[in-house]
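# A look at the structure
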Amino acid sequence: MKGLLRAATLLSFLASAQAQWLNYPTKNAPRTKDGKPDMSAPAPRTKDGKVDVTGIWLANGLKYLINIAADLKPDEVPFQPWAAALYKERRENLGRDDPNNLCLPSGTPEKEAVTSPFKIMQFPGEMLILYESRTIYREIFTDGRTMPKDFKPSWQGFSIGHWDGDDFVVETTGLNGKIWMDTNGHPLTEAAHVTERFRRHDYGHMDIQITIDDPKAYTKPWTITENPHLMADTELLESVCEENNKDARHIVGK
Amino acid sequence: MLAAMVVSSLGPRAAMAQGKPDLSGVWKPDKVLSIRAKANALLLNHKATESKRDPDANCTLSGVPRLDLGPKPFKILQSPDEVVLLYQDFTTFRQVFTDGRPLPQDPQPAWLGYSVGKWDGDTLVVDSIGFNDLTWLDNAGTPHSEALHVTERFHRRDAGHLDIQITIDDPKTFSHPFTVTEHVRLSPNVELTEFICLENRK
């Protein structure tokens, strides 16, 4: 039963609609001889020579959605004592209070670990991420603006981006303190400063190196790396959590 | 803030790379537009549609063209192959493909449908189909069926003003297609804020 509940939580991230435009060829995709997208072709570049991170991307499985620190040893997450206790309580409670169970959004930086595709688009002055999960978007301003002083805390926070060599670096603050970074329940407070480095190393593969600097919950900054892959020849679907949420009232914890 | 100011100073002739008008910016309706009065005269069956629950109250997703009609602002971002409409309401979006692809045939009904756009002179013409019948056309509860076809004509009259001519064609719900025109105003130096329906459900 416990396993079923966990599965239900994870399923709430998955899209249910059927395919539309799902076989529409991606423009300018490099192709192998058999016509398939060449995932190991060099990473494309924009006219100004930067690595082009646009495209539809998908997390490789559930690993980081379940545990953002999956690649670290348990004692390598530098919890403050209260945060360690909260994490333990959330795990023992099988994630009952995960905001996602109520169809509240995943926050930064969980969104890119969700097992629904996200689409990165580039415009003058901003990078845009469209998320199939929840059909919501996130704006990352690249016009040189600084963090606002009076920003109302939110699930996605306020994000600015810049290029550091071939890395697209996104800084986010203004998070609302309610965020679970994964279904295990790693907490993130309103003091958090999240840095994401998007590094596309070939046509079909990208690393997102995520550094969590949240002195309220963790004694020092810590870093993990996720590895989404490109989805070519497709488009996002629509996914409406509240349309399908039959799980919330069944999730009881311990 | 520099880029936002640059965007807001662009006039309707400030061409994009392919010589098309630039519709980019944060836009806010002058007033909340109801299409109910016009729609009522054309309704084929008044009874069948009155009890449908407001999808906004359930925090599923709003509808088209309801999201355009205010009061919350929306933002347009424009690339050669796609125009994206970002709505503050629901923090949701619509993708309008302008790369020449056709509308899908017999699509799975969706809350916000499927949209393609093309240019008619300086006007972006957006055609949308494939809606479910759960959404309202406006805040006044104007109903529609899955046969709904919405055409939105976006015309940037000058730097600060955008006119959106909206045609509703739904032969299962209305005796004729009808058209309303909405006027929206540029909000310079403003960004959208996150709005999560479930946090605001009363």
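Everything below is about the structure printed above this text.
Residues numbered from 1 in each chain as written. Chains lettered and ligands numbered in written order. Predicted model: local features only at pLDDT ≥ 70, side-chain atom pairs only at ≥ 80, totals over all residues. Heavy atoms only, no water.

Before going further, it helps to examine the overall build of chain B. Within chain B, the regular secondary structure consists of 3 helices and 9 strands. Overall, chain B shows an N-to-C arrangement of helices and strands of α-β-α-α-β-β-β-β-β-β-β-β. Split into buried and exposed, the 202 residues of chain B put 55% on the buried side. Surface summary for chain B: the accessible area is close to 8600 Å², and the carbon and sulfur share equals 53%. (Helix = DSSP H or I, 4+ residues; strand = E, 2+ residues; numbered from the N terminus. Buried < 20%, exposed > 50% of the residue type's maximum accessible area, 1.4 Å probe, protein only. Areas by Shrake-Rupley, 256 points an atom, 1.4 Å probe, with all protein chains shown as cover.)

The subject of this paragraph is the overall build of chain A. Helices and strands together make up the secondary structure of chain A, namely 4 helices and 10 strands. Traced from its N-terminal end to its C-terminal end, chain A shows the element sequence α-β-α-α-β-β-β-β-β-β-β-β-β-α. Out of the 254 residues belonging to chain A, those deemed buried represent 55%. Considering only contacts in chain A between residues 6 or more positions apart, those separated by 24 or more positions represent 62%. Surface accessibility of chain A: about 11300 Å² in total, with carbon and sulfur atoms responsible for 54%. (Contact = heavy atoms within 4.5 Å.)

Let us look at the nonpolar core. Within the largest apolar cluster, 84 residues are counted, with the highest numbers of intra-cluster contacts made by Ile-120 and Trp-222 of chain A together with Ile-76, Phe-154 and Ile-168 of chain B. The residues contacting Phe-154 of chain B, other than those within four sequence positions of it, are Leu-23, Ile-76, Leu-85, Asp-122, Thr-123, Leu-124, Val-126, Leu-162, Asp-163 and Ile-164 of chain B. Of all hydrophobic cores here, the second largest spans 13 residues; its members include Leu-130 and Leu-236 of chain A together with Val-26 and Leu-192 of chain B. (Core = buried A, V, L, I, M, F, W, Y, C linked by side-chain atoms within 4.5 Å.)

In this section: the interface of chain A and chain B. With 34 residues of chain A at the contact, the number on the chain B side is 45 residues. Taken together, both faces of the contact between chain A and chain B bury some 3300 Å²; the carbon and sulfur share is 59%. The residue Glu-126 of chain A makes a salt bridge to Lys-75 of chain B at a minimum N-O spacing of 2.7 Å. Counting the contacts that link chain A with chain B gives 16 residue pairs in polar contact (both at pLDDT 80 or more). For the side of chain A that touches chain B, the secondary-structure elements that each account for two or more residues are strand S2 (118-123), strand S3 (126-131), strand S4 (136-141) and helix H4 (241-244) of chain A. A class-by-class count of the residues in the side of chain A that touches chain B yields 18 nonpolar, 5 polar and 11 charged. (Buried area = accessible area lost by both parts, 1.4 Å probe. Salt bridge = Lys/Arg side-chain N within 4 Å of Asp/Glu carboxyl O. Polar contact = N/O pair within 3.5 Å; in protein donor to acceptor, adjacent residues only side chain to side chain. Nonpolar A, V, L, I, M, F, W, Y, C, P; charged D, E, K, R; others polar.)

The periodicity of an α-helix, 3.6 residues per turn, causes residues three or four places apart in sequence to face the same way. Its 12 residues give helix H3 (residues 81-92) of chain A an end-to-end C-alpha distance of 17 Å, which sits within 8% of 16 Å, the value for a rise of 1.5 Å per residue. At the C-terminal side of H3 of chain A, Leu-94 of chain A shows a positive phi close to 55°. (Expected span 1.5 Å × (residues − 1).)

A complete count under the given rule lists 30 salt bridges over all chains for this structure. Among the ionic pairs, Asp-81 of chain B bridges to Lys-27 of chain A, the shortest N-O distance being 2.9 Å. Taken together, the residues span two chains, with Asp-81 of chain B in the loop between strand S2 (74-78) and strand S3 (82-87) and Lys-27 of chain A in the loop between helix H1 (2-11) and strand S1 (55-58). In this structure Asp-81 of chain B comes out as partly exposed when scored by relative accessible area, which is 26%. In this structure, the salt-bridge partner of Arg-185 of chain B is Asp-30 of chain B, at a minimum N-O distance of 3.2 Å. Residue Arg-185 of chain B is found in strand S9 (residues 178-186), and its partner Asp-30 of chain B is found in the loop between strand S1 (25-29) and helix H2 (36-40); the two are separated by 155 residues along the sequence. Several salt bridges share partner residues, and in doing so they unite Glu-126, Glu-139, Asp-143 and Arg-145 of chain A together with Lys-75 and Glu-191 of chain B into one network.

The subject of this paragraph is the state of the cysteines. Using the criterion set out here, one finds 2 disulfides over all chains in the structure. Across the disulfide from Cys-103 of chain A sits Cys-241 of chain A; the S-S distance is 2.0 Å. Given an S-S torsion of about -75°, the disulfide between Cys-103 of chain A and Cys-241 of chain A has left-handed geometry. Of this pair, Cys-103 of chain A sits in the loop between H3 and S2 while Cys-241 of chain A sits in helix H4; the two residues are 138 residues apart in sequence, bridging distant segments of the chain. You'll find Cys-103 of chain A and Cys-241 of chain A in the same group, each marked buried. The side chain of Cys-59 of chain B participates in a disulfide bridge whose partner is Cys-197 of chain B; the two sulfur atoms lie 2.1 Å from each other. Its torsion about the S-S bond being -80°, the disulfide of Cys-59 of chain B and Cys-197 of chain B is classed as left-handed. On the criterion of sequence distance, the pair formed by Cys-59 of chain B in the loop between helix H3 (55-58) and S2 and Cys-197 of chain B in the segment after S9 is long-range, its members being 138 residues apart. The exposure classification of Cys-59 of chain B matches that of Cys-197 of chain B, with both residues buried. (Disulfide = S-S within 2.5 Å.)

Residues and elements named next belong to chain B. Alignment of strand S7 (residues 149-158) against strand S8 (residues 161-169), held across 9 bridges, turns out to be antiparallel. Note that in S8 the partner of Asp-158 across the bridge is His-161. In this structure, the hairpin formed by S7 and S8 is closed by a connection of 2 residues. (Pairing = 2+ DSSP bridges.)

We now examine the pairing of strand S6 (residues 167-173) of chain A. All names here are of chain A. Burial analysis of S6 places 6 of its 7 residues in the buried class, which makes it a mostly covered element. Alignment of strand S5 (residues 158-164) against S6, held across 7 bridges, turns out to be antiparallel. From the neighbouring strand, Gly-161 faces S6, where its bridge partner is Val-170. If you look at the hairpin formed by S5 and S6, you'll find 2 residues sitting between the two strands, and Gly-165 has a positive phi there, around 60°. Pairing analysis gives 5 bridges linking S6 to strand S7 (residues 193-202), with the strands arranged antiparallel. Counted as the bridge partner of Thr-172 is Val-194 from S7.

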